[in-house]
Amino acid sequence: MADTREFDLVLFGATGFVGKLTAEYLTEAAPESARIALAGRSLDKLTAVRDDLGPTAANWGLVVADSTDQSSLDELAARTKVVVTTVGPYLRYGMPLVAACAKAGTHYADLTGEPLFIRDAIDNYHEQAVATGAKIVNSCGYDSIPSDLSVYQLYRRTVEDNTGELVDVTLVASLKGGVSGGTIDSGRAMMEAIAADPAKGKVMSHPYSLSPDRSMDPDVGRQSDQALSRASAIDPSLDGWVSTFVMAAHNTKIVRRSNGLLGWVYGKNFRYREVMSAGKSRVAPLVAAGMAGGIVAGMTAGALLSRASAGRKLLDRVLPKPGTGPSEQARKSGWFSMKTFAHTTSGAKYVATFSGTGDPGYQATAVLLGESGLCLAFDTEKQPELAGILTPAAAMGDALTERLRAAGMTITVDRA
């Protein structure tokens, strides 16, 4: 991409909660020479955010753009090498920016956890983005970078050790943190879309619904995202119980798409799932059962309520509002740790660890998204030569891994 563009990186949605956190992170992590701009609907609010960021951001640009105004997004995309966006739910507000970046050949990173949005982006803009060289990278936050890069680094290690293909891989998630209002609103957007068009439910339920070529996907039978079992069933080193992980249904699709985009290099019998640790106390079995049942009940209730206006009004009253979040103390006290256990065709066993500090949905996500944007802007020569609607691993691979390690996150692979 030519250096004639005005900006290296534009943060769209800079006045929102996660947008402000990402902007704060960029003041610490971006090179001094980086040409950065903040974008959103209100010039006054953008100015206030920039002022609050201090002297580092004093010369950052301000760009007025609206997700409902295609021409403003086209102009934004044409002015920068990279757009990082926190404006969701993406199913409602995100596609016009994808269209603008695909047309302009502008790299893009978002925080979506919405398979319906990604499927639509693939169907409508993948070929155009390939033609223009745009890397449109979805799910660059806690959903789904730790999952995606963990499996990618496991694959890299098996190649280095010549231990065969990956065949059975399970991620066990542990974390301290809350679910953001934006994440919940994204779930509501998908439920409403499925209520309006039940056929879309297949995108949510099929493990390979984001695959680049369904005919090439591994045929390993049913792969359910529901879980309730002893942790030792995954690996003898684990104690306690595991249950359903709320983001498994999305993360697993991203990981499988990475496999396809990279040429199905993980293996022709690659099987992947994600679970969540419920601890090892006496009540752990009850906690695990409650987590598994609660997720199913919540999704069922949400789907039913989304079908009627009265139900939607009830959800508006009881659920956290988009753009809200926890206190600074709560954000900094959070953490996450993802342990991914892998077996290969030769019988070798590995465990990947991806961990970090800060509430995963807020503090850690700001780091993950910020480094993704910087990677797309400044590490082009270190990245795979792929374009289109991509995943973090397929788009940035080792380059993003190196950045996140330098940012203080732990990313390791050990042979068991």
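Residues numbered from 1 in each chain as written. Predicted model: local features only at pLDDT ≥ 70, side-chain atom pairs only at ≥ 80, totals over all residues. Heavy atoms only, no water.

**Brief notes about the nonpolar core**
In terms of nonpolar packing, the biggest core is built from 101 residues, with F12, L38, L166, Y266, F354 and L404 touching the most fellow members. When residues in this core are grouped by element, the largest group, nine residues, is from helix α14 (residues 363-378). L166 has contacts with V151, L154, Y155, T158, Y266, G267, N269, F270, A342, H343 and T344, leaving out every residue within four places of it along the chain. Counting nine residues, the second largest nonpolar core, distinct from the first, contains V172, A231, I234 and V351. (Core = buried A, V, L, I, M, F, W, Y, C linked by side-chain atoms within 4.5 Å. Buried < 20%, exposed > 50% of the residue type's maximum accessible area, 1.4 Å probe, protein only. Helix = DSSP H or I, 4+ residues; strand = E, 2+ residues; numbered from the N terminus. Contact = heavy atoms within 4.5 Å.)

**Remarks on the sheet that holds strand β9 (residues 241-244)**
Spatial ordering of the open sheet is given by β8-β9-β10-β7-β11-β12-β14, a layout of seven strands whose pairing is mixed. Sheet topology places β8 (228-230) and β14 (410-415) at the edges, where each strand pairs with a single neighbour. With direction set aside, neighbouring strand axes in the sheet form an average angle of 25°. Across six bridges, the pairing between strand β7 (residues 166-176) and strand β10 (residues 271-277) is parallel. When the bridges of β10 are listed, V169 appears paired with Y272. With respect to the sheet, helix α7 (residues 145-161) is in contact with β7, β10, β11 (335-344), β12 (349-357) and β14, its orientation differing from that of β12 by roughly 145°. (Pairing = 2+ DSSP bridges. Axes fitted to C-alpha atoms, helices over the stretch in contact; angles between N-to-C directions.)

**Considerations on the pairing of strand β3 (residues 61-64)**
Covered by surrounding structure in β3 are G61 and V63 only, the residues L62 and V64 on the alternate face being uncovered. By the bridge criterion, four bridges tie strand β2 (residues 36-40) to β3 in an arrangement that is parallel. Opposite A39, over in β3, you have V63 as the bridge partner. Handedness of the crossover joining β2 and β3 through helix α2 (residues 43-53): right-handed. (Right-handed = clockwise from strand over helix to strand, strands pointing away.)

**Re α14**
Spanning 16 residues, α14 covers 23 Å between terminal C-alpha atoms, matching the ideal 22 Å at 1.5 Å per step. Burial of α14 is extensive: 14 of the 16 residues sit out of reach of the surface. (Expected span 1.5 Å × (residues − 1).)

**Structural notes on the side chain of T353**
In this fold, T353 is placed in strand β12. Among the polar contacts listed, one links the side chain of T353 to the side chain of K339, at a separation of 2.9 Å. Residues within four places of T353 in sequence aside, it is in contact with M338, K339, T410, I411 and T412. (Polar contact = N/O pair within 3.5 Å; in protein donor to acceptor, adjacent residues only side chain to side chain.)

**Here's the deal with the pattern of salt bridges**
Counted according to the given criterion, the structure contains twelve salt bridges. Measuring nitrogen to oxygen at the nearest pair gives 3.2 Å for the salt bridge that ties R92 to E192. Placement of the pair is R92 in helix α4 (residues 90-93) and E192 in helix α8 (residues 181-196), with a sequence separation of 100 residues. The class of R92 is partly exposed, set by a relative accessible area of 35%. Between E371 and R403 there is a salt bridge; the shortest N-O distance is 2.9 Å. Of this pair, E371 sits in helix α14 while R403 sits in helix α15 (residues 392-406), and the two are 32 residues apart along the sequence. (Salt bridge = Lys/Arg side-chain N within 4 Å of Asp/Glu carboxyl O.)

**Some words on the confidence of the model for the protein chain**
Low-pLDDT stretches of the model should not have their predicted coordinates read in fine detail. Taken as a whole, the protein chain shows an average pLDDT of 90; of its residues, 88% reach a score of 70 or greater. The weakest mean pLDDT in the protein chain belongs to helix α12 (residues 309-318) at 45; the strongest belongs to strand β5 (residues 107-109) at 99. Low pLDDT, under 50, characterises residues 314-319; the stretch is placed with nine contacts to residues that sit more than four places away or in other chains. (pLDDT = per-residue confidence, 0-100.)

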